[in-house]
Amino acid sequence: MKKGIGYLAIAILTVTVAIFLGQHSVEFFMSTFSEENQSMGFLGYMLTGGGFFLWLIIFLWMSPKQHERVVSLSMMIICLVGELATAIFNMYTKTMLDAGFAMTEGDIKTMYMLVGVLAVAHAISLIIKFAGQQIYQAFQDDDKDGIPNAFDRHDNRHDRNRQQQQNRPQQPRREFAEDEANVSNLAKNTANSERGAEKGDNTHRPTNGQ
Ligand SMILES: [Ca+2]
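What follows concerns the nonpolar core. Listed in full, the seven residues of the largest apolar core are Phe 52, Trp 55, Ile 58, Val 71, Met 75, Ile 78 and Cys 79. Elements represented by at least two residues in this core include exactly helix 3 (49-61) and helix 4 (66-98). Beyond its immediate sequence surroundings of up to four residues, Phe 52 is in contact with Met 76, Cys 79, Leu 80 and Glu 83.

With that settled, consider the packing of helix 4 against helix 5 (residues 105-138). Put simply, helix 4 and helix 5 touch, their axes get as near as 10 Å, and they point 165° apart. One way to sum up the angle between helix 4 and helix 5 is to call them roughly antiparallel. Crossing of helix 4 over helix 5 shows left-handed handedness. Residue-level inspection shows His 67, Glu 68, Val 71, Ser 72, Met 75, Ile 78, Gly 82, Ala 85 and Phe 89 of helix 4 in contact with helix 5, the latter providing Met 111, Leu 114, Leu 118, Ala 121, Ser 125, Ile 128, Lys 129 and Gly 132. Here the contact of helix 4 with helix 5 is built from residues that sort into 10 nonpolar, five polar and two charged.

Turning our attention to helix 2 (residues 39-47). Three or more residues of helix 2 are buried, namely Gly 44, Tyr 45 and Leu 47. Projected onto a plane normal to the axis of helix 2, the buried residues spread over an arc of 145° and lie on a single side. Residues of helix 2 that are exposed and point over 90 degrees away from its buried face: Ser 39 and Phe 42. Buried residues along helix 2 sit in contact with helix 1 (2-32), helix 3, helix 4 and helix 5.

The rules behind each value
- Residues numbered from 1 in each chain as written.
- Predicted model: local features only at pLDDT ≥ 70, side-chain atom pairs only at ≥ 80, totals over all residues.
- Core = buried A, V, L, I, M, F, W, Y, C linked by C-beta atoms within 7 Å.
- Buried ≥ 20, exposed ≤ 12 C-beta atoms within 10 Å, placed from the backbone.
- Helix = DSSP H or I, 4+ residues; strand = E, 2+ residues; numbered from the N terminus.
- Contact = placed C-beta atoms within 7 Å.
- Axes fitted to C-alpha atoms, helices over the stretch in contact; angles between N-to-C directions.
- Parallel < 35°, antiparallel > 145°, perpendicular 65-115°, else oblique.
- Left-handed = near helix turned anticlockwise from the far one by under 90°.
- Nonpolar A, V, L, I, M, F, W, Y, C, P; charged D, E, K, R; others polar.
- Arc of directions from axis to C-beta.

In structure tokens, the structure reads:
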């Protein structure tokens, strides 16, 4: 029961913070982009507060590898910083506008920079998350010829394997040739000894006759 109330407290706090900050950052994104691009408010929120929750899910349930955990954890932090920055920026500009100050060109440039950096961070992180292993592999040099795998159209290891395979049957062939030579020598020897025996017979015959 107490545990249940504890979870409820966490849920209420999370929702309150998410709505409080989220409302301001959505407003920020809506005011940053033109009136026709009102969907930018929601999309922008997906780069900050919404992105935090999405990366949290990816971190908890979809990051078995070390580099995936690092990326999703970093993105959670980046999203939180982005959420805070956009929300605070929105509150700040609102009070400034209410007080009669206009936004300077520098302020607007900073806002666009922030949004751009956020979007790029998401894109890079997604690439690392889902293709990091393959990208790492692409820049390795498996056959050690100085050309990274991605640009190396020829895998020298195949050649080495083929050479090894070609060298292997040559050795038995040499042995076989030696065997053949031995056999022919043996045949010569037996032929010689037979001839010698015949000669011996011939030399013996006269003595037998005598
Ligand atoms: Ca190579």
